[in-house]
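Fold and geometry: a report
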Amino acid sequence: MSKIRIKLFSLAMICSLMIQAQHTKEMTKEPEHKSEKEWMQELDPEQYQVLRQCGTEAPFTGKYYKHDEKGSYHCAGCGAALFSSDTKYESGSGWPSFYAAIDGDAVKKVLDKSHGMIRTEIKCASCDGHLGHIFNDGPAPTGMRYCVNSLSLQFEQK
Ligand code: FE
């Protein structure tokens, strides 16, 4: 092979690797990393308190506590789809409750030892926003109760 051919071949190889790398980057769900200052500017103070500082809204007060329209509930921080109205149920707790997340990767679970209790915190897997807690007193078929703050959610009608 002539030198020019080798150079052209190398160039083509590099280009194809670069295109592949870009494609992989686009395909990978990257978590949203924003500074606390950015979150503070983007969210209203109540949402910031719950989503970024693990706050809890008062029970029986949230906008989705009594809400039974058909659609999906998204993260109020980053917009990721988290729960479907199909899995929402009345738990009597005073917070919106679901027996499952919209998919296995949407919500992550973290051990929470705050306030003298051992609980499992649930967070948006995409932006790390605090959603609420998960308990094992939910209905069939999962037996789980995802207890979520309305302030962490944004509803989208079907
Ligand atoms: Fe999020």
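Cut-off values and rules
Residues numbered from 1 in each chain as written. Predicted model: local features only at pLDDT ≥ 70, side-chain atom pairs only at ≥ 80, totals over all residues. Heavy atoms only, no water. Donors = N, O, S within 2.8 Å, 3.2 Å for Na, K, Ca; no water. Tetrahedral: all angles 85-135°; square planar, octahedral: opposite > 155°, others 65-115°. Helix = DSSP H or I, 4+ residues; strand = E, 2+ residues; numbered from the N terminus. Buried < 20%, exposed > 50% of the residue type's maximum accessible area, 1.4 Å probe, protein only. Pairing = 2+ DSSP bridges. Salt bridge = Lys/Arg side-chain N within 4 Å of Asp/Glu carboxyl O. Phe/Tyr/Trp six-rings, centres within 6.5 Å; stacked < 30°, edge-to-face > 60°.

1. Some remarks on the coordination of the iron ion
- Around the iron ion, the protein contributes the donor atoms C75 (SG), C78 (SG), C124 (SG) and C127 (SG), at 2.3 to 2.4 Å from the metal centre.
- Of note is the iron ion, whose 4 donor atoms meet at the metal with angles of 103 to 114 degrees in an arrangement that counts as tetrahedral.
- Sequence spacing of the donors to the iron ion: C-x2-C-x45-C-x2-C. You can see C78 sitting in the loop between β1 (71-75) and β2 (81-84) and its partner C127 sitting in the loop between β6 (119-124) and β7 (130-135), a full 49 residues away along the chain.
- Under the relative-accessibility criterion, C78 is labelled partly exposed at 23%.

2. What to know about the pairing of β6
- Counted residue by residue, β6 has 5 buried out of 6 residues, so it is predominantly covered.
- Pairing analysis gives 6 bridges linking strand β5 (residues 107-112) to β6, with the strands arranged antiparallel. Within the sheet, the bridge partner assigned to K108 lies in β6 and is K123.
- Hairpin connection from β5 to β6: 6 residues lie between these consecutive antiparallel strands, with H115 at a positive phi of about 55 degrees.

3. Comments concerning the pattern of salt bridges
- Applying the stated criterion to the full structure yields 7 salt bridges.
- With a closest N to O distance of 2.8 Å, E42 and K34 form a salt bridge.
- A relative accessible area of 48% places E42 in the partly exposed class.
- For the salt bridge of D112 with R119, the shortest nitrogen-to-oxygen distance reads 3.5 Å.
- Residue classification places D112 among the buried residues on the basis of a relative accessible area of 12%.
- Because the salt bridges share partners, they merge into one network encompassing K70, D86 and K158.

4. Comments concerning the packing of aromatic side chains
- Taken as a whole and assessed by the stated rule, the structure comprises 7 aromatic pairs.
- Plain terms: the ring middles of Y64 and F155 are 6.4 Å apart, the flat faces sit at 55 degrees to each other, and that makes the pair tilted. With Y64 in the loop between α3 (45-51) and β1 and F155 in strand β9 (residues 153-157), the pair connects residues that are 91 residues apart, well separated along the chain. Taken as a pair, Y64 and F155 share a single burial class, namely buried.
- The interplanar angle of 70 degrees and the centroid separation of 5.6 Å between the aromatic rings of F83 and Y146 together place this pair among those described as edge-to-face. One end of the pair, F83, is in strand β2; the other, Y146, is in strand β8 (residues 145-148), and 63 residues separate them in sequence. With respect to burial, F83 and Y146 carry one shared label: buried.
- Counting every residue linked through ring pairs, the aromatic cluster contains Y64, Y73, F83, F98, Y146 and F155.

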